[in-house]
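# Survey of secondary and tertiary structure
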2 protein chains.
Amino acid sequence: MGEEARDGAVTDQYGRLHHDFDVERGLGNDRFSGIEEPLLVSSMSRGGTRTNFTSQTAIVGANLCPIESLDYEIFENDLFDQDWRSRKKSDIFHYVTLKWTLALLIGLATGLVGFFNNISVENIAGFKLLLTNNLMSKHRYYEAFAAYAGCNMVLAVMAAALCAYIAPAAAGSGIPEVKAYLNGVDAHTILAPGTLFVKIFGSIFGVAAGFVVGKEGPMVHTGACIANLLGQGGSQKYGLTWKWLRYFKNDRDRRDLITCGAAAGVAAAFRAPVGGVLFALEEAASWWRSALLWRTFFTTAVVAVVLRTFINFCKDGNCGLFGQGGLIMFEVDSTPANFTTPDFLAVIFLGIIGGVLGSLYNFLVDKVLRTYTRINEKGPRYKILLVMAISLLTSCCSFGLPLILQCLPCPAQSKEECPTGGRSGNYKIFQCPPNHYSEMASLFMATKDDAIRNLFTSDSEKEFLLSTLLIFFVAIYLLGIITYGIAIPSGLFIPVILAGASYGRLVRTILGPLSNLDGGLFALLGAASFLGGTMRMTVSLCIILLELTNNLLMLPSVMLVLLISKTVADIFNRGVYDQIVRLKGLPYMEAHAEPYMRNLVASDVVSGPLITFSGVEKVGTIFHALRATTHNGFPVIDEPPFSNAPELCGLVLRSHLLVLLKGKRFTEQRVVTGSEEVTRRFKARDFAKPGLGKGIKLEDLDLQEEDMEMYVDLHPITNRSPYTVLETTSLAKAAVLFRELGLRHLCVVPKTSERPPIAGILTRHDFMPEHILGLYPRLGSHR
Amino acid sequence: MGEEARDGAVTDQYGRLHHDFDVERGLGNDRFSGIEEPLLVSSMSRGGTRTNFTSQTAIVGANLCPIESLDYEIFENDLFDQDWRSRKKSDIFHYVTLKWTLALLIGLATGLVGFFNNISVENIAGFKLLLTNNLMSKHRYYEAFAAYAGCNMVLAVMAAALCAYIAPAAAGSGIPEVKAYLNGVDAHTILAPGTLFVKIFGSIFGVAAGFVVGKEGPMVHTGACIANLLGQGGSQKYGLTWKWLRYFKNDRDRRDLITCGAAAGVAAAFRAPVGGVLFALEEAASWWRSALLWRTFFTTAVVAVVLRTFINFCKDGNCGLFGQGGLIMFEVDSTPANFTTPDFLAVIFLGIIGGVLGSLYNFLVDKVLRTYTRINEKGPRYKILLVMAISLLTSCCSFGLPLILQCLPCPAQSKEECPTGGRSGNYKIFQCPPNHYSEMASLFMATKDDAIRNLFTSDSEKEFLLSTLLIFFVAIYLLGIITYGIAIPSGLFIPVILAGASYGRLVRTILGPLSNLDGGLFALLGAASFLGGTMRMTVSLCIILLELTNNLLMLPSVMLVLLISKTVADIFNRGVYDQIVRLKGLPYMEAHAEPYMRNLVASDVVSGPLITFSGVEKVGTIFHALRATTHNGFPVIDEPPFSNAPELCGLVLRSHLLVLLKGKRFTEQRVVTGSEEVTRRFKARDFAKPGLGKGIKLEDLDLQEEDMEMYVDLHPITNRSPYTVLETTSLAKAAVLFRELGLRHLCVVPKTSERPPIAGILTRHDFMPEHILGLYPRLGSHR
């Protein structure tokens, strides 16, 4: 099966990056890198020799920043218990109210941003196109090109500069990163306020600059950033915090908010509320539950209401050049005739070729991305230069291709104005004589939304020439591939839909009288086949297409095409988002265990030595352990006299230890102070997870020499219910447990009582194929 | 929160039933009941005094049959390992091909059955209605009533007799049972071939008999039965088996197939393929993964293609009286005007009242169901009598109400024929003079589908009188409530949609000129509010309504209404399916842990003594343990000389022990024979799970006296990787682990080495609130 295909061997380079991820484990004492020393990691990775960069599985430079695992386990220590028991009905009420309020706010904010994006793009691009058309109508072709390419270049440089200098994490689609976050991998700054800002404006400039990119991926990322910002209690850096949001200071609740945000993003981009929910469910989220479905649904409903309100407001011409497109973005109003056998075969053919071309698209995007990564790594200036080059190329294609192609006479009876010098429409005059129009200009010299709308037009209103469709298809297919990866926010949906729709119409034209289906329907099916071939989603794409086109009667055919193209494409490679996640080196945890994991047991992949603490531990020991390692979880062992034999008490977290040490309530004797002492001193919220990079650092501790010799009781902050597996449990089962419960640490306990009560800790890293196959290369061949 | 509301104390009666479920555990030696002795259970429960039947949480008699837990864990023993290692690429290919072939077959079969159901109902009911109309047109009112009520009665008795004598499990909706199955609870005969047969024909007769029931719930159940039948490798009882289906002889793969079946059922009933997928996802399934989404999607796409083909075939009048309704069942073609503030308030009002009425519906259905259960328990005759009574009442209402209400003059310009003596249409003549029509007859003397279509008609074509709507609403609301629970297959969707649509139109009529929205739209929103209030689904209902009515522009309003009505109704009680699951005493495992579980640890709810086996055990010991208990899982302990200290080797299953004992390869000495001996004798498929009731029974064993003194090596059949929790793990965490991984047994291991290596086994039963609150009644008050 295509899903199980893996590529490439594991190189040093790759191994080194994954070492960064080692920070999870209370294992080993490699001081290598991690959260605490981002500069070191960054410099080491960048300074690393490139000579051994031979692996298929490379890393995109922008993400050589620290990665942190998320922890969805409820950390049941004494403080949690106390908080839990003391909670009042009103607390629960506040929590629930807040949860829904946040969902509402996420919906409102994402809806607003989505609309703002839309209106800005339409106005900027509209102004640009009108200016060009105006010059063209005066036959000032060179000036027109200069104006057009110049506008594009300025917008492109603005977008690129934002990305290169302010938030490199905002480049690209953002969906892979959101997907990885929802899988439990937090890449630094990926959801930061700066990224949000750049994503919004970079996307507007990028789309308005005429690049073959969409705003859909960036909107998903924007929604996730908004959710993160709201859920964090604002941003301390920018002085915006809401203290009553402390309930959401944990990874579990943040994950839920970000899922809502991702759904809201799709809903805002496509005006497809149900499609948004399903996208979040099928593609973005790794964990799901019914309660979350409902909340996500609410968020996207809010987005829909916001959009509807604004679109109604804009109908009266209050929004400048905005005005086209209601709640249904690309209406396909041609009712399908009854399917004949040739039609049916044509649909299957469309699906198969769509699948092949879709997987080829993924393959080429991957290759181009690797090349671009090397250029982008050289510095911000190179990034901007690359963007400028692509911008010039795009401008030349968009302007040049219509210019060299023939003009067509206007049809006799058309509902639309023909020819038009306006911003949109099927019949652009461009360089043509009166009563003639340029077909290519109608597609190229328009916003991408208008181009898609043109391609979805019914045959009864508009037919395209074979040559136009072929040239447009090839140009868009290639431009789409070489544009993804440059340093601007760039969505993949619109390029794929555009290429797919022109491909579908092309097939219709080739078939000629063999099929009695409409060209608009073929464009829709072509778009579906390309989407299926690249994104590999099913239900969500189906609903998104349905909501985009409002054509329910096409549903069975769309389903069929999606299924065929996904099946065909899965033979060759992975979905484009999965591919980018891998390319970026994000340790994504698959839902299923790999077959070779059945041949190993949990203790096979645990590497030692293990650092453990006693129930009552010397402050100096803790401090040195924290300084010497970058681990995040440490097992706590109760030893005599506190218990009859050594036994596993539980797990403490680095962040909790830092809070405890900062509190400086130590004892001179090695005694159990109990939880009362701690609960008097701390509140559960003191241990709540702060936003990334905001927690207490080791350097913040002000420990004196005499403190080091004192003791501190770790019991109150120890999670007494860690999940455990026996060391003889098969690795496959441990992986399923780890993945299904969303863990960060999984304790491996020995089977016999003669050994210490813990044999090791499994973290995300230990389940990665690269780690396992590095230890047992022989297994790889059996796959 | 409504979701967390629990009702009632735990009575003896209830506790006793849950004891039946104790068969899971290798704990205790209560020989009380269980799978092995269904007759005893059944007789005891029925003979039990009814005096203490005071609990809110009662049990519906039909389900006092044995219940079995399902096991989704991969049982990794030596045989599995061997099978796993020896599997070839071709095996995987066969498995994958079969998986998809089965999905295809499920889709085809469910589509066919759905269409057969549709065509049968339309023809039978159509014949009945035409006969009645014919007599009415001759003013032979008494004969008309006799013909109408007589037809209804005959059909009702046929449906009831099928249910009462052949398959009692086929009565009711079936969705609660399918939901419980997909949660891991297999109620006996619920998916048997007999149930399938009765469900198909009982549903046809029941719907054709004019009851206020739908075919949607039964179609879901039918789909699940078809999937089960196909996946079992056919039915041995009826001599239909496919040997190459051995791959699917486990609970995991069957669960996937049945999920596909449930989705196909909804797709076939509503002609809503995407709605079907989402229904399976949101309401039916408890576990979900992306791969299953795709397979389910394929199944429903097949259903859609089958339906489309047949509907096209029938368009030319090849299907008798069938012909109305294309792929969109209830087209709402009125485009919504712009919402004004009064409209917006009206929609919110509609949602609130819909929520209240929906939860009242649930409350009343629950009450009626309890009463009916007592009647139905008295025997098949009482069941049939009850059905006859309700049939007569329904006939009287349907015939009588139109008769006593006034006739209206036909509108001057109507697109439809007015008046009509036909089977469907908005303007039935019934008892009226020429050029007049009876509004009530158009709703009552029609199939339920036609009635809904009438209510969804746009205002521009048809307006209803306030009095008609009010009387119809009240009648349908009450008839719907008293009809559910009688011994016929009865879906809840159609009654709820019907009541909701008339309620919506009623509100529209009351509002009068205050709102500028269409009556058809209000009917749609009313139906949404009722569905939200009773079923408590969100996304799936939204998509089902969308696919039913093809009106995408109403999406934001439908979302809003669903959210409001669900929220309001959740304050009062649970969703109707959850309620029935509880009423039937099915031990449904919720996705979230109950709050009070945080105050307990795993060992708190484990009850002893525990029965364990040695790694090499005496045959007699095993035999007696199997005879003395009804447990399904037994821990295996390795003891000296096979290990240095007693240690947990794993878990064996009752069914595997029976296969091993039947094989009779015992040794005289207590020696480890190793896995080779066993793998030579058995294949992994010998241990595969057979269909319910088809495995080896204890009585099938032919053990001699001398066998009893011999030994057998249990190692090869022991699952060496059972999931474990420490005894000090909080019960909440154990519950999450148990639920998320779909376990049947969870081993509790001690923390200290001085104790035996296993402290107990947790099963589904141990997580049930009734069990826990029975042990710790004090916790209940803290909830």
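Scroll up a little and you will see the structure.
Let me begin by describing the structure that accompanies this report.

Basis of the calculations
Residues numbered from 1 in each chain as written. Chains lettered and ligands numbered in written order. Predicted model: local features only at pLDDT ≥ 70, side-chain atom pairs only at ≥ 80, totals over all residues. Heavy atoms only, no water. Helix = DSSP H or I, 4+ residues; strand = E, 2+ residues; numbered from the N terminus. Buried < 20%, exposed > 50% of the residue type's maximum accessible area, 1.4 Å probe, protein only. Least-squares fit on C-alpha atoms with pLDDT ≥ 70 in both. Contact = heavy atoms within 4.5 Å. Pairing = 2+ DSSP bridges. Core = buried A, V, L, I, M, F, W, Y, C linked by side-chain atoms within 4.5 Å. Buried area = accessible area lost by both parts, 1.4 Å probe. Salt bridge = Lys/Arg side-chain N within 4 Å of Asp/Glu carboxyl O. Polar contact = N/O pair within 3.5 Å; in protein donor to acceptor, adjacent residues only side chain to side chain. Phe/Tyr/Trp six-rings, centres within 6.5 Å; stacked < 30°, edge-to-face > 60°. Lys NZ or Arg CZ within 6 Å of the ring centre and 35° of its normal. Axes fitted to C-alpha atoms, helices over the stretch in contact; angles between N-to-C directions. Left-handed = near helix turned anticlockwise from the far one by under 90°. Nonpolar A, V, L, I, M, F, W, Y, C, P; charged D, E, K, R; others polar. Disulfide = S-S within 2.5 Å.

## Structural notes on the environment of Gly354 of chain B
Looking at where Gly354 of chain B falls in the secondary structure, it is placed in helix H12 (residues 341–376). The class of Gly354 of chain B is buried, set by a relative accessible area of 0%.

## A word on the relation of the copies chain A and chain B
With an RMSD of 0.0 Å, chain A superimposes on chain B once it is rotated by 180 degrees and translated 0.0 Å along the axis. Look at the turn and shift together and you get a two-fold axis relating the two. Among all residues of chain A, the minimum C-alpha distance to the rotation axis is found for Ser753 of chain A, at 2.6 Å. Here 100% of the contact residues of chain A are again contact residues in chain B; the copies associate through an equivalent surface.

## Describing unusual backbone geometry
Excluding glycine, most residues fall at negative phi; most peptide bonds, likewise, are trans. The linkage connecting Cys418 of chain A with the following residue, Pro419 of chain A, adopts the cis geometry, with an omega of -10 degrees. Relative to the elements of secondary structure, Pro419 of chain A occurs in the loop between strand E5 (408–409) and strand E6 (436–437). We note that His139 of chain A has phi near 60 degrees; this positive angle belongs to a residue other than glycine. The exposure class of His139 of chain A is exposed, given its relative accessible area of 55%. Of note in the backbone geometry, Phe430 of chain B takes a positive phi value of approximately 45 degrees without being a glycine.

## Re the pairing of strand E10 (residues 647–653) of chain A
Residue and element names in this part refer to chain A. Counted residue by residue, E10 has seven buried out of seven residues, so it is predominantly covered. Direction of pairing for strand E9 (residues 633–638) relative to E10: antiparallel, over a ladder of six bridges. Its bridge partner lying in E10, Val636 is registered against Gly650.

## Overview of the nonpolar core
Grouped together as the largest cluster of nonpolar side chains are 334 residues, with contacts concentrated most on Phe493 and Met535 of chain A together with Phe456, Phe493 and Met535 of chain B. Those residues in contact with Phe493 of chain A that sit more than four places away from it in its chain are Ile175, Glu216, Phe270, Phe279, Leu531, Met535, Met537, Leu541 and Tyr577 of chain A. With 52 residues, the next largest nonpolar core counts Val725, Leu737 and Phe767 of chain A together with Ile772 of chain B among its residues.

## Quick look at the interface of chain A and chain B
Often, the extent of an interface is quoted as the loss of accessible area upon association of its parts. The interface of chain A with chain B comprises 75 residues on the first partner and 75 residues on the second. Carbon and sulfur atoms make up 67% of the area that chain A and chain B hide from each other, which totals about 6,900 Å². On the chain A side of the contact with chain B, Trp294, Arg598 and Lys733 of chain A bury the most area, a combined 11% of that side's loss. Our count for the contact surface shared by chain A and chain B stands at four salt bridges. Between Glu73 of chain B and Lys733 of chain A there is a salt bridge, and its shortest N-O distance comes to 2.6 Å. Here chain A and chain B share 16 residue pairs in polar contact (both at pLDDT 80 or more) between them. When residues of the side of chain A that touches chain B are traced back to their parent elements, those giving at least two are helix H3 (78–86), helix H10 (273–284), helix H11 (290–314), helix H19 (539–549), helix H20 (555–572), E10, strand E12 (724–726) and helix H27 (731–741) of chain A. The element contributing the most residues to the side of chain A that touches chain B is H11 of chain A, with ten residues.

## Considering the packing of aromatic side chains
Evaluated as defined, the whole model comprises 42 aromatic pairs over all chains. Judged by centre distance (5.0 Å) and plane angle (70 degrees), the rings of Trp100 of chain B and Trp294 of chain B are edge-to-face. Within this pair, whereas Trp100 of chain B is found in helix H4 (residues 89–137), its partner Trp294 of chain B is found in helix H11 (residues 290–314), the two being separated by 194 residues in sequence. Residue Trp100 of chain B is classed as partly exposed on the basis of its relative accessible area, which comes to 21%. Grouped by ring-pair contacts, the aromatic residues Tyr361, Phe473, Tyr477, Tyr503 and Phe530 of chain A constitute a single cluster. Its end group placed over the ring of Tyr72 of chain A, Arg255 of chain A keeps NZ or CZ at 4.1 Å from the ring centre. The aromatic ring of Trp287 of chain A is capped on one face by Arg739 of chain A, whose charged end is 5.0 Å from the ring centroid.

## Quick notes on the sheet that holds E12 of chain A
Note: strands within a sheet are paired through backbone hydrogen bonds, in either parallel or antiparallel orientation. Residues and elements named next belong to chain A. One open sheet accounts for three strands, arranged E12-E13-E14; its pairing is mixed. With partners counted over all chains shown, the strands left at the sheet margins are E12 and strand E14 (760–762), one partner each. Put simply, the sheet's adjacent strands are angled 35 degrees from each other on average, direction ignored. By the bridge criterion, three bridges tie strand E13 (residues 746–749) to E14 in an arrangement that is antiparallel. In the strand pairing of E14, Val748 is matched with Gly760.

## Topic: the packing of helix H9 (residues 251–270) of chain A against H11 of chain A
All names here are of chain A. Look at H9 against H11: their axes get within 9 Å of each other, and the N-to-C directions meet at 35 degrees. In this structure, H9 crosses over H11, and the sense of that crossing is right-handed. Taken together, the residues of H11 that come into contact with H9 (itself represented by Asp256, Leu257, Thr259, Cys260, Ala263, Ala264, Ala267 and Ala268) are Leu292, Arg295, Thr296, Thr299, Thr300, Val303 and Leu307. The residue makeup of the contact of H9 with H11, split by class, is nine nonpolar, four polar and two charged.

## Details of the state of the cysteines
Under the counting rule described, the total for this entry stands at four disulfides over all chains. A disulfide bridge connects Cys407 of chain A with Cys432 of chain A, and the sulfur atoms are separated by 2.0 Å. The sign of the S-S torsion, about -90 degrees, decides the handedness of the disulfide formed by Cys407 of chain A and Cys432 of chain A: left-handed. Here Cys407 of chain A, found in the loop between helix H13 (380–404) and E5, pairs with Cys432 of chain A, found in the loop between E5 and E6; they are 25 residues apart in sequence, far enough to count as distant. A sulfur-sulfur separation of 1.8 Å characterises the disulfide bridge that pairs Cys410 of chain A with Cys418 of chain A. Its S-S torsion of about -85 degrees marks the bond between Cys410 of chain A and Cys418 of chain A as left-handed, since a negative value means left-handed. Summary of cysteine pairing: Cys225 of chain A is not part of a disulfide, and the nearest cysteine sulfur, belonging to Cys163 of chain A, is at 12 Å. Note on Cys225 of chain A: relative accessible area 1%, which makes it buried. Residue Cys542 of chain B stays outside any disulfide, its sulfur separated by 15 Å from that of Cys542 of chain A, the closest cysteine. A residue is classified by how much of its surface remains accessible, and Cys542 of chain B, at 1% relative accessible area, is buried.

## Quick word on the sheet that holds strand E7 (residues 613–614) of chain B
Residues and elements named next belong to chain B. Pairing is mixed across the open sheet formed by three strands, whose spatial order is E7-E9-E10. This sheet does not close on itself; its edge strands, each paired only once, are E7 and strand E10 (647–653). Sitting on the sheet, helix H24 (residues 654–663) is in contact with E7, strand E9 (633–638) and E10, with an inclination near 80 degrees to E10.

## Quick notes on the packing of helix H18 (residues 519–535) of chain B against helix H20 (residues 555–572) of chain B
All names here are of chain B. Two elements in contact, H18 and H20, have axes whose closest approach is 7 Å; the angle formed by their N-to-C orientations is 35 degrees. Crossing angle aside, the handedness with which H18 passes H20 is right-handed. For the pair formed by H18 and H20, the contact residues are Leu524, Leu525, Ala528, Ser529, Gly532 and Gly533 on the first element and Ser557, Val558, Val561, Leu562, Ser565, Lys566 and Ala569 on the second. A breakdown of the residues in the contact of H18 with H20 according to their chemical character gives seven nonpolar, five polar and one charged.

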